[in-house]
Each structure stands twice: as structure tokens, then as C-alpha cells.
Amino acid sequence: MQKIVMEGGHPLSGEVTISGAKNSALPLLFGALLGETACHFHNIPKLRDINTTLALLESLGATVERPTKKNQPYTIEAQRLKHLEAPYDLVKTMRASVLVMGPLLAKYGKARVSLPGGCAIGARPINLHLKAFEQMGAKIHIEGGYVEAEAKKLHGARVHFDTVTVTGTENVMMAAVLAKGETILENAAREPEVIDLANLLNKMGAHIVGAGTDTLTIQGVESLNGATHTVIPDRIEMGTFMIAAAMTGGSILIRNGELSLLEALRVKLEEVGAKIKIEEKGLRVEGPKHVQATDLTTAPFPGFATDFQAQFMAMMTIAHGSSVIVETIFENRFMHAQELVRMGADIKIEGKTAIVKGVKKLSGAPVMASDLRASAALILAGLVADGLTEVHRIYHLDRGYEEIEKKFRKLGARIKRAQVKY
Ligand code: EPU
């Protein structure tokens with residue numbers, strides 16, 4: 001087991017390059033299952049969730065070629081699958097494994113996927129995925145902890161999602177591209193990662209219109225080819241570095257990434273006193289001397305992303321004033337709060353709401369990461385705390401941030417990875 005050890009109090013400065021987006025790369029790799037020929041992907045981040053996805057694709061019988069040199073793509077060839085099942089051992093480590101279901105059901109008429117249980121941030125059911133597949137003609141039943149779905153040929157349907165669901169939209173979109181007739185997805189997720197997947201599928205020969213709006217119209221086609229695709233930069237990683245610059249009073253130049261995808265975060269960072277400007281080489285974020293408190297409520301895109309809530313809370317712990325943070329997407333996504341309290345933060349949780357009273361200083365402490373974004377939040381807190389902070393259970397971090405400690409070290413942070421002795 002490893003931990004991150006850091007000494008706080010060093011303002012960040014320098015440049016950072018953002019990796020490919022985890023939450024795009026995962027559905028894109030599953031999308032390759034739909035092609036009759038190989039798909040080639042550039043800018044796939046090196047992450048544990050990517051390895052899990054590639055292992056799952058290989059267990060189905062797909063051929064995966066990993067790059068051996070810089071700039072080489074990942075190649076996925078999935079013409080002849082031997083198995084149509086996502087087993088418990090893989091799904092339990094990565095919920096996004098449920099994204100095999102849409103492609104397998106559409107192309108092979110069958111899928112067996114371990115039903116994901118609850119996780120550290122909430123119950124996270126997949127009922128909306130399953131309801132949509134049923135509307136498209138699939139027979140679904142749950143046995144032995146597995147969802148079994150079958151349909152000779154899916155047909156188009158008008159699907160209205162009761163709740164905006166990102167992977168639900170992606171899964172059903174992947175099923176609809178090979179269904180007979182037209183599928184309309186209403187109250188669909190508008191996240192940039194959904195657009196990235198729609199772009200790949202359209203390159204493969206699908207007919208999807210409306211990605212990025214709340215209504216997707218999909219005309220099913222007989223078959224899809226492979227395609228070559230470059231994963232978009234990770235907006236959550238980018239936002240994490242923007243918050244880091246703001247909270248440490250640093251100045252960071254972000255070399256790539258898309259500020260237009262981070263409008264809600266940009267507004268909040270300007271409210272706390274950060275300066276954000278576009279320069280020739282990229283985007284510069286400069287932190288104020290003292291961050292000011294501001295309130296926020298998480299919402300589906302283009303609202304304030306739940307995936308920034310933990311990091312923003314870490315910043316609010318040292319702000320001037322009090323902040324009210326409302327989490328509307330997941331019912332249990334405040335596990336980082338108690339760890340921040342161990343570092344001296346003043347946070348009270350009442351249901352969906354956290355009230356954070358800014359304190360003058362955090363003090364370094366050993367803390368435990370409960371999920372991916374909580375890990376990032378604890379690292380941010382450690383960057384400004386007095387003394388040493390140790391973040392434990394960093395396997396969460398490695399699921400979704402590529403070499404984050406190296407990137408922070410390049411920016412001047414005193415941070416390293418170490419083995420846990422016992
Ligand atoms: N929901 C249902 N039923 C469903 C599907 C979702 O009730 O069938 C509920 C969920 O329980 C949740 C809400 O709808 O309360 C939204 O969940 P959503 O399905 O949108 O989440 P997800 O697709 O499982 C993705 C990201 C998450 C990100 C959320 C919200 C991927 C692989 N994961 O999850 O990313 O927080 O959207 O934006 O794209 C992360 O990267 O750290 C992460 C957790």
C-alpha cells in the first residue's frame with residue numbers, strides 16, 4: 001500500500017499539462033465494442049480505471065494493443081467476442097464497467113453484468129439504464145447478483161430519464177446506435193464526455209444528433225466500423241489544478257484544456273478572488289492572498305460539477321467567512337469533510353448541506369481518502385496545511401489522476417509517494 005506525504009505552505013507556480021479525460025476514455029473504450037473493425041485511441045490517460053477497462057475488454061475476447069512508444073494509439077479490435085459478461089471482480093472495482101451492457105446488448109443481443117452495489121459516494125443504482133433497455137425491447141432479470149439482459153434485436157424508443165444520468169445516457173446511446181429505428185433520449189446528460197462519445201460513434205457510422213443538448217435523436221444503423229479518436233482533456237483534472245492555484249495563492253499556467261467547459265467553476269473561482277486569464281501559451285490562474293468564502297450547489301452540466309465539490313470544500317476550509325455547500329447529485333459525498341476536520345477545518349454537515357467556516361490555518365495530519373475526488377481534496381488541503389500531511393488509501397487517486405504528485409512537484413509542491421510500512 002502506498003501513501004502521499006506532503007509538506008504544506010509552498011505556493012505553486014509553473015506549467016501543467018492536462019491528461020486525457022478519464023470519464024471520456026472509459027465510455028469511448030467500451031464504444032469500440034460496437035465496431036466491425038478496430039478503433040484507435042490517442043490521449044488515453046494512464047490510470048487504474050483504464051487498466052480495469054482494458055482487462056474487461058480482453059476478458060470478453062477483444063484484442064487490445066497498448067502503445068509501446070509516445071504518440072502511438074491504443075488499438076481495440078472487438079470483432080469476435082467469446083464472452084458477454086462483466087464479472088463481479090471487475091465491476092466491484094469500477095462501476096463504469098456497466099457500460100459494456102449497451103454495446104453487448106445492441107451487437108450480440110445479450111449481456112450479463114454484475115449489478116454494482118452502493119459505493120462510497122451513494123447508492124448509485126442503474127435502474128434508469130435498465131428501464132431504457134426494457135423500453136427498447138430487452139428482457140431483463142436479476143439473478144445471483146447479475147443483471148441478465150437479452151433482446152434478439154433492440155428497437156428504437158422514446159426514453160425519458162427521470163434523473164439526469166451520465167453513464168445512463170452513454171449506455172443507452174450505445175445501445176440505440178444499432179437498434180432498429182429511431183430512439184429519442186429526453187432529459188439526457190449534456191456533459192462534454194457524452195459529446196465525445198457521440199462524436200466517436202458518429203465517426204464509426206452512427207447517426208446521433210443533439211449531443212450536448214438534453215435531447216438526443218439516434219437513427220439506428222445496421223453496423224458500425226472502427227475509427228480513430230483523440231480523447232478530450234480532463235476538465236476535472238484541469239479544475240483541480242485551477243482550485244490548487246487559487247487556494248495556495250499560486251500562479252499556474254494550464255497548457256491545454258477547455259475553459260469553456262468550466263464556466264460554473266470559473267465564476268466561483270472569480271468569486272473567491274482568483275484571476276483567470278487566457279494567455280498565448282494557455283490559461284493562467286492566479287490565486288488571491290486570501291480566498292473569500294462563497295456558496296455553491298452541485299448540478300448536472302453545465303452546473304457546478306459534483307466532481308469538484310470536495311476540492312472546493314477543501315479551499316473553503318481556509319476562506320474568509322462561511323460557505324454553504326449543497327450536494328444534489330450524490331447522497332453521501334461528504335466523506336472528505338471529517339478528514340478535513342482532522343486537519344483543523346470547521347465543517348458541519350446537515351443532510352445534503354455542508355456549512356464550512358473558514359479557519360486561519362489547517363494543520364497537517366494523517367488522513368484517509370474515501371473516493372477519487374476526496375483524495376484530491378485532501379492533497380489540496382495538505383498543500384496549504386502547516387507541517388506534514390499523509391494521505392492514505394491513495395488507490396482511489398490512481399483510479400483517476402495521472403501522476404498527480406509528479407505534476408504538483410513540478411509546480412513546486414513538496415510532495416512524494418511512499419510505501420506504507422504497516
Ligand atoms: N441515478 C439513478 N439511477 C440510474 C442512474 C443514476 O438513480 O440508473 C442517480 C445516481 O444515483 C446519482 C445521479 O443519478 O444520484 C447521477 O448519477 P450519474 O448516473 O450521472 O453518475 P455516473 O454516470 O455513475 C458519472 C461520472 C462520475 C460523476 C457523475 C456525475 C463516469 C465514469 N462517472 O457517474 O464521476 O460524479 O457522472 O457527474 O463518467 C468521478 O470521476 O470521480 C466520478 C464519480
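So, how was this worked out
Residues numbered from 1 in each chain as written. Predicted model: local features only at pLDDT ≥ 70, side-chain atom pairs only at ≥ 80, totals over all residues. Heavy atoms only, no water. Near = heavy atom within 4 Å. Polar contact = N/O pair within 3.5 Å; in protein donor to acceptor, adjacent residues only side chain to side chain. Areas by Shrake-Rupley, 256 points an atom, 1.4 Å probe, with all protein chains shown as cover. Helix = DSSP H or I, 4+ residues; strand = E, 2+ residues; numbered from the N terminus. Nonpolar A, V, L, I, M, F, W, Y, C, P; charged D, E, K, R; others polar. Domains from an automatic or database assignment. Buried < 20%, exposed > 50% of the residue type's maximum accessible area, 1.4 Å probe, protein only. Arc of directions from axis to C-beta. Contact = heavy atoms within 4.5 Å. Pairing = 2+ DSSP bridges. Axes fitted to C-alpha atoms, helices over the stretch in contact; angles between N-to-C directions. Parallel < 35°, antiparallel > 145°, perpendicular 65-115°, else oblique. Buried area = accessible area lost by both parts, 1.4 Å probe. Salt bridge = Lys/Arg side-chain N within 4 Å of Asp/Glu carboxyl O. Core = buried A, V, L, I, M, F, W, Y, C linked by side-chain atoms within 4.5 Å.

Undergrad: Describe the site of the ligand, and please don't skip the residues or the numbers.
TA: Taken together, 22 residues lie near the ligand, and N127, T165, T167, D307 and I329 sit nearest. In the model, an oxygen atom of the ligand is placed 2.8 Å from a nitrogen or oxygen of the V166 main chain. At 3.4 Å, a side-chain N or O of R333 approaches an oxygen atom of the ligand. Coverage of the ligand by the protein amounts to 87% of the 830 Å² it exposes when considered alone. Broken down by secondary-structure element, the contributors of at least two residues to the shell around the ligand are helix 1 (22–31), helix 5 (127–135), helix 6 (166–176) and helix 12 (372–384). By residue number, the principal contributor to the shell around the ligand is helix 5, which donates three residues. Residue composition of the shell around the ligand, by class: ten nonpolar, seven polar and five charged. The two domains that each donate at least three residues to the shell around the ligand are domain 1 (2–19 + 233–419) and domain 2 (22–230).

Undergrad: Explain helix 9 (residues 263–272) to me, using residue names and the numbers behind them.
TA: Restricting attention to buried positions, one finds in helix 9 the residues L265, R266, K268, L269 and V272. When helix 9 is viewed along its axis, its buried side chains cluster within an angular range of 165° and face the same direction. Among the structural elements, helix 8 (235–248), strand 16 (275–279), strand 18 (296–297) and helix 10 (309–316) are those in contact with the buried residues of helix 9. At the C-terminal side of helix 9, G273 shows a positive phi close to 115°.

Undergrad: Go over the sheet that holds strand 9 (residues 146–150) with me, naming the residues and quoting the values.
TA: Read across the sheet, four strands follow the order 6-7-9-8 without closing on themselves; strand pairing throughout is mixed. Pairing within the sheet leaves two strands with one partner each, and these edge strands are strand 6 (85–86) and strand 8 (139–143). The pairing of strand 6 with strand 7 (residues 110–114) spans two bridges and is parallel. Across the sheet, A86 pairs through a bridge with V113, a residue of strand 7.

Undergrad: Outline the sheet that holds strand 11 (residues 182–186), supporting the account with residue identities and numerical values.
TA: Ordered by their spatial adjacency, four strands build an open sheet running 10-11-13-12, and the pairing between neighbours is mixed. In this open sheet, the two edge strands, each paired with only one partner strand, are strand 10 (158–160) and strand 12 (207–209). On average, adjacent strands in this sheet sit at an angle of 15° to one another, irrespective of strand direction. Pairing between strand 11 and strand 13 (residues 215–219): five bridges, direction antiparallel. By the bridge assignment for strand 13, I184 is matched with T217.

Undergrad: Describe the packing of helix 1 against helix 2 (residues 48–60), listing the residues and the values that go with them.
TA: Two elements in contact, helix 1 and helix 2, have axes whose closest approach is 10 Å; the angle formed by their N-to-C orientations is 5°. In terms of their interaxial angle, helix 1 and helix 2 are classed as roughly parallel. Residue-level contacts link K22, A25, L26, L29 and F30 of helix 1 to D49, I50, T53, L54, L56 and L57 of helix 2. Of the residues assigned to the contact of helix 1 with helix 2, the class counts are eight nonpolar, one polar and two charged.

Undergrad: Mind laying out the domain arrangement of the chain, listing which residues take part and the relevant values?
TA: Each assigned domain of the chain is listed with its residue range as follows: domain 1 (2–19 + 233–419) and domain 2 (22–230). For domain 1 and domain 2, the distance between their C-alpha centres works out to 30 Å. Opposite the 23 residues of domain 1 that make contact, domain 2 presents 19 residues. Both faces combined, the contact of domain 1 with domain 2 buries some 1,800 Å², and carbon together with sulfur accounts for 51% of it. For domain 1, the biggest contributors to the area lost against domain 2 are F301, R399 and E402; these three give 33% of the whole. For the pair domain 1 and domain 2, the number of links is two salt bridges.

Undergrad: I'd love a proper account of the pattern of salt bridges, names of residues and values included.
TA: This structure, assessed with the given rule, holds 27 salt bridges. One salt bridge connects R80 with E77, and the closest N-O pair in it is separated by 3.6 Å. A salt bridge links D89 to K92; the nearest nitrogen and oxygen atoms lie 3.3 Å apart. Note on accessibility: D89 and K92 belong to one class, exposed.

Undergrad: With reference to specific residues and values, describe the nonpolar core.
TA: Within the largest apolar cluster, 78 residues are counted, with the highest numbers of intra-cluster contacts made by F41, L57, M173 and L201. Of all hydrophobic cores here, the second largest spans 70 residues; its members include V272, A305, A345 and A376.

Undergrad: Give me the lowdown on the pairing of strand 23 (residues 388–392), citing residues and values where you can.
TA: The pairing of strand 1 (residues 2–7) with strand 23 spans four bridges and is classified as antiparallel. Looking at strand 23, one finds that I4 is bridged to V391. For strand 22 (residues 366–368) and strand 23, the ladder comprises three bridges, and the chain directions are parallel. By the bridge assignment for strand 23, M368 is matched with H392.

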